[in-house]
Amino acid sequence: MKISLKWLQDYVDVKEFFTKPEELAEALTRAGLEVEEITNLAKDFNHVVVGHILEKDKHPNADKLSLCRVSTGDVVHQIVCGAQNHKAGDNVIVALPGAVLPGNFAIKKSAVRGVDSAGMLCSLKELGLAKESDGIEILPKEAPVGKPYAEYAGYDDITFELKVTPNRADCLSHFGLAREVATLTGKELKAPESAPKTSTQSTKSAIALDVKAFDLCPRYTGRFIKGVKVGPSPAWLKKRIESVGLNSINNIVDVTNYVMMELGQPLHAFDANFIGGKKIVVDRAVAGESFITLDGTEIKLTGEELTIRDASHPVCLAGVVGGKNSGVSEATADIFLESAYFIPMSARKTSRSHGIDTDSAYRFSRGVDPDGALRGLNRATALILEVAGGEAFGDPHDFYPNPVKKNPVTISVQTVSDRLGYEALEDKFVDFMKRLGCQVTAVSGSGATYSILPPTFRFDLEQDMDLVEEYARLNGYEHIPETLPTFAKAPSNHDKVFMLNRSTSDVVRAEGYQQAFNFAFVGSKAEKAFTGNISTLKAAGFAISEKEIRIMNPLNEEMDVMRSTLSFGLFKNLNTNFHYGNMMGRLFEIGSTFSVKEDGAYGESAHLGFALWGKNDNLWNKSLHYPIVFELKATVEALLKTLNISSYTWVTPAAGASEVPAFMHQGQYAQLLVEGKKVGFIGTLHPVLLDDNKIRVPAAIGEFDLDQLYKGQPRPYRIQSVSKFPVVERDFAFVMPKTLKVGDVLKDIRKAASGLLLNVDVFDSYEGDKMEAGKKSVAIRLWLQDKNGTLQENQINEVTTKVLESLKKNFDLSVR
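Residues numbered from 1 in each chain as written. Predicted model: local features only at pLDDT ≥ 70, side-chain atom pairs only at ≥ 80, totals over all residues. Heavy atoms only, no water.

Draft legend 1. Up close: the overall build of the protein chain. From N to C terminus, the protein chain includes 22 helices and 40 strands. The C-alpha radius of gyration of the protein chain comes to 39 Å, more than 25% above the 28 Å expected for a compact globule of 816 residues. Overall, the C-alpha framework of the protein chain stretches about 120 × 85 × 65 Å when taken along its three principal axes. Here the protein chain holds 816 residues, and 48% of them are scored as buried. Of the roughly 41300 Å² of accessible surface on the protein chain, a fraction of 50% belongs to carbon and sulfur atoms. The protein chain carries 94 positive and 103 negative side-chain charges, and their two centres are separated by 4 Å. (Helix = DSSP H or I, 4+ residues; strand = E, 2+ residues; numbered from the N terminus. Rg over C-alpha atoms; globule rule 2.2 N^0.38 Å. Buried < 20%, exposed > 50% of the residue type's maximum accessible area, 1.4 Å probe, protein only. Areas by Shrake-Rupley, 256 points an atom, 1.4 Å probe, with all protein chains shown as cover. Lys, Arg positive; Asp, Glu negative; His and termini not counted. Charge placed at Lys NZ, Arg CZ, Asp CG, Glu CD.)

Structure (structure tokens):
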């Protein structure tokens, strides 16, 4: 938010900070209101002053140029000018050598067509103050010659760009910040005048009011103003709102923006002649009806929005944006001025669901002072009468059946001392609380204990620890001593799941993956369309339910339920990355998934998900070709090895089985069994899914139940000495049906070879025209070792014979 120091000066004395704004910025930042940027507007007008044209002659060497002698007080300058709208005796804006105009245009002494020129006569466009100019700017006769133009025109201002935290909505205005500065410095706070002159006529007679949705609108005030003259704003008003980055529209709209930036109370002015039935109704929208905003955008309402309506249709989205059908224009003569308090949730939800960001919605979403509604209405009324004339009717609407009241907080000064670690002073505590606008009442018979009633504009002061924080903030965080705690007890152990997750993350990142963090809420329709029949995920060992856990107040339909899997979010990451030009990626995520149990309770499971796509260019052997899912399989097996899980196997559902998820390739999918229990799956994404999303590279997804993988963790390792006896290798090539799983063959070999088998693996595979149809050749290597001595030939033959006999018996396999 942008703050003007000149505007702030109206409410609290900050003159001393005009020459040293950094000091005020530092004080605000220390107090929790970070100043991100300081802009001295006067610096943009260095060496730009008010001048007086003494003489104007023709340029001796150019018919279209003039030669002027211009006084800037004590000095007379010769300046060549190309404009034609000036004459001797005019006061003008002069940029002297040393000035730098917008576009980095530096003014310096130079010769123009053979004649020296020591400056430039400026238009507002050349100063960056207007989009178009007919010529140089002619100033009034009373403009003081020689005075810096920034000071004369009111551009000698300093602005702060503030980063206001969500809990400090009370500082989203100049008066709110002045209140904070007065609290920090102890200076007097001056409130703006807000007592308009009203007539005896009644607002309630001119415009009726019916607040139906009082749960979303606890307070609504409004006033009828007759006979206004809509037109350009006076210079002071226009300059004020432009100093904080707002555009001037007309005098009525500018006043509402002025009061919003002054008091933090958003307002809206309706053209009273377009309020059908002369009645304002505050109610929820009708589902499906259309609404056209002030900028001409048409939106469909869902029925959940709070609207300001006339007798037949909506004229405003409450707290967010006005309607085109009731906006103030040059033809407007009578207005109805609104100032209300809307529940933050209502304004925030409407703003986000329709993607409408306005200054009004920004403030209502964070909370405005309910006690400030009538004050803002009166302040705006007084200003409208000043700049637009008219007659303000009396008897304004003020619907406020249940005034918002803060609860008092009881706290002792000793509590403040205990929490901050140093002695808090009672007098200083009471002074701080009063500066904050709190009502302070001593609790009798309780020592230095007080009942503190916070003001309604401080939503964040609700409990004793909030007041402790205020004392620390106002006294200065630097006073909190740096002391190490006494270690009377041993530190608690790290959470086991946290340590396991960190270990898992380290292993997967070492495999070349990057960690993703996604929201735990997703769109119901989109997730269902992706996952398809959830029985396939149940078949993979997941606790998942048909019934979803719905969000009560979702931001939009893309975040309306808690996620059932990690795979959907990771697929969205994959899709987004690919279409942003990332042709290869490896992602993993550790997070929770959610389901509804049979007894209706909510369930939460920890899952590990993977998404990978594109060719891995980091492979040392570029000639390797295999489905990308095998790379994922290797990563999972590396993780299982780290977790010391050796009893696992991959299971592939039979062709055409209903256990394969809709988003998976039917022929490249496997479930993981750990100690006989399914804990997850891996697979290549379905070609149709990739094609529909225009993903032109192979991609794979995997997801596992960490709660199951972490059972019994950490598992103890058996420490074994390294054998000093040699390893013997034996290679065999088998011709087998293509449908036979090599994993089943390896499992059979391990069982038959028993204790002498160190390892077994596939080192070659062949399928081609030299093979019988439906067959493949697989070469398998066995590593044999006896830990107690050197293997003898008869031992080796005995093991290999057992292996070959077992393979013949179980799979009808023979050595090729």
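Draft legend 2. Inspection of empty space enclosed by the protein at higher detail. For the coordinates displayed, the defined rule picks out two cavities of 30 Å³ or more. Computed from the structure, the largest cavity encloses a volume of approximately 200 Å³. Here the residues of the lining of the largest cavity are counted per class, giving seven nonpolar, five polar and five charged. What the second largest cavity holds in volume is close to 50 Å³. Considering the residues around the second largest cavity, the lining is formed by Arg168, Asp170, Gly176, Arg179, Glu180, Thr183, Arg435, Leu436, Phe457 and Arg458. Partitioning the lining of the second largest cavity into residue classes produces two nonpolar, two polar and six charged. (1 Å grid on protein atoms, 1.4 Å probe; cavity = no way out; pocket = protein on both sides within 12 Å on 5 of 7 lines; lining within 4 Å. Points joined across faces, edges and corners; volume = space filled by probe spheres on them. Nonpolar A, V, L, I, M, F, W, Y, C, P; charged D, E, K, R; others polar.)

Draft legend 3. Up close: the sheet that holds strand β17 (residues 279-284). Pairing is mixed in the open sheet, where five strands are placed in the order β14-β17-β20-β21-β22. Every interior strand has two partners, whereas the edge strands, β14 (208-211) and β22 (321-322), have only one. Note that strand β20 (residues 306-309) and strand β21 (residues 314-317) share three bridges and pair antiparallel. Directly across from arginine 309, in β21, lies its bridge partner proline 314. (Pairing = 2+ DSSP bridges.)

Draft legend 4. Expanded view of the sheet that holds strand β27 (residues 439-442). Read across the sheet, three strands follow the order β26-β28-β27 without closing on themselves; strand pairing throughout is antiparallel. Strands at the two margins of the open sheet, each flanked by one partner only, are β26 (409-412) and β27. In this sheet, adjacent strand axes meet at a mean angle of 30° when their direction is disregarded. By the bridge criterion, four bridges tie β27 to strand β28 (residues 449-453) in an arrangement that is antiparallel. (Axes fitted to C-alpha atoms, helices over the stretch in contact; angles between N-to-C directions.)

Draft legend 5. Inspection of the pattern of salt bridges at higher detail. What the rule picks out here adds up to 42 salt bridges. In this structure, arginine 473 engages glutamate 470 in a salt bridge whose closest nitrogen and oxygen atoms are separated by 2.6 Å. Here the residue arginine 473 and the residue glutamate 470 both occupy positions in helix α13 (residues 464-475), the gap between them amounting to three residues, near one helical turn. Comparing arginine 473 with glutamate 470, the two get one shared label, buried. For glutamate 767, the salt bridge goes to lysine 738, with nearest N and O atoms at 3.5 Å. With glutamate 767 in the loop between β39 (757-766) and β40 (775-784) and lysine 738 in the loop between β38 (728-737) and α21 (742-753), this pair connects stretches of sequence that are 29 residues apart. Its relative accessible area of 47% is what places glutamate 767 among the partly exposed residues. Taken together, the shared-partner salt bridges connect Arg168, Asp170, Glu180, Arg458, Asp460, Glu470 and Arg473 into one network. (Salt bridge = Lys/Arg side-chain N within 4 Å of Asp/Glu carboxyl O.)

Draft legend 6. Fine view of the nonpolar core. One finds Leu28, Phe160, Ile252 and Ile384 to be the most contacted residues of the largest nonpolar core, which totals 52 residues. Looking at which element gives the most residues to this core, the answer is helix α7 (residues 251-263), with seven residues. If we skip the residues at most four places from it in the chain, isoleucine 252 touches Val228, Val230, Ala269, Val328, Ile335, Ile384 and Ala388. The next biggest cluster of nonpolar side chains, apart from the first, holds 30 residues, and it includes Phe663, Met664, Leu690 and Ala699. (Core = buried A, V, L, I, M, F, W, Y, C linked by side-chain atoms within 4.5 Å. Contact = heavy atoms within 4.5 Å.)

Draft legend 7. Region of the structure containing the side chain of threonine 531. Along the polypeptide, threonine 531 turns up in helix α15 (residues 524-531). Judged by relative accessible area, threonine 531 falls into the buried class, the value being 5%. Residues contacting threonine 531, with those up to four places away along its chain left out, are Leu537, Thr565, Ala662 and Phe663.

Draft legend 8. Broad picture of the layout of surface pockets. Of the voids in this model, the second largest pocket is the one considered here, and its volume is about 1100 Å³. Sorting elements by how many residues they give to the lining of the second largest pocket places helix α6 (residues 235-243) first, with seven residues.

Draft legend 9. Quick peek at unusual backbone geometry. With an omega of -5°, the peptide bond between glutamine 713 and proline 714 qualifies as cis. Along the chain, proline 714 falls in the loop between α20 (706-709) and β38. Within the chain, histidine 47 stands out as a residue other than glycine whose phi angle is a positive 65°. By secondary structure assignment, the location of histidine 47 is in the loop between β2 (34-40) and β3 (48-59).

Draft legend 10. Representation of the packing of α21 against helix α22 (residues 793-811) within the structure. Where α21 meets α22, the axes come as close as 9 Å, and the angle between the chain directions of the two elements is 135°. With respect to their mutual orientation, α21 and α22 come out oblique. Two packed elements cross with a definite hand, and for α21 against α22 that hand is right-handed. Here α21 contributes Asp744, Val745, Asp748, Ile749, Ala752 and Ala753 to the contact with α22, which in turn contributes Val799, Lys802, Val803, Ser806, Leu807, Asn810 and Phe811. A class-by-class count of the residues in the contact of α21 with α22 yields eight nonpolar, two polar and three charged. (Parallel < 35°, antiparallel > 145°, perpendicular 65-115°, else oblique. Left-handed = near helix turned anticlockwise from the far one by under 90°.)

Draft legend 11. Quick look at the side chain of aspartate 254. Tracing the backbone through its elements, the reader meets aspartate 254 in helix α7. Notably, aspartate 254 is buried but unbridged: the nearest opposite-charge side chain belongs to lysine 238, and the N-O separation is 7.8 Å. For aspartate 254, the residues in contact, after removing those within four places along its chain, are Ser233, Leu237, Ile241, Asn247, Ser248 and Ile249.

Draft legend 12. Fine view of α13. Its 12 residues give α13 an end-to-end C-alpha distance of 17 Å, which sits within 8% of 16 Å, the value for a rise of 1.5 Å per residue. Taken across its 12 residues, α13 has nine buried, putting it largely inside the fold. Where α13 is concerned, the buried positions are Asp466, Leu467, Val468, Glu470, Tyr471, Ala472, Arg473, Leu474 and Asn475. Next to the buried residues of α13 lie α4 (174-185), β26, α11 (413-420), α12 (426-435) and β28. Positive phi shows up at glycine 476, right after α13, with a value of about 110°. (Expected span 1.5 Å × (residues − 1).)

Worth remembering: the numbers are spatial, not functional.
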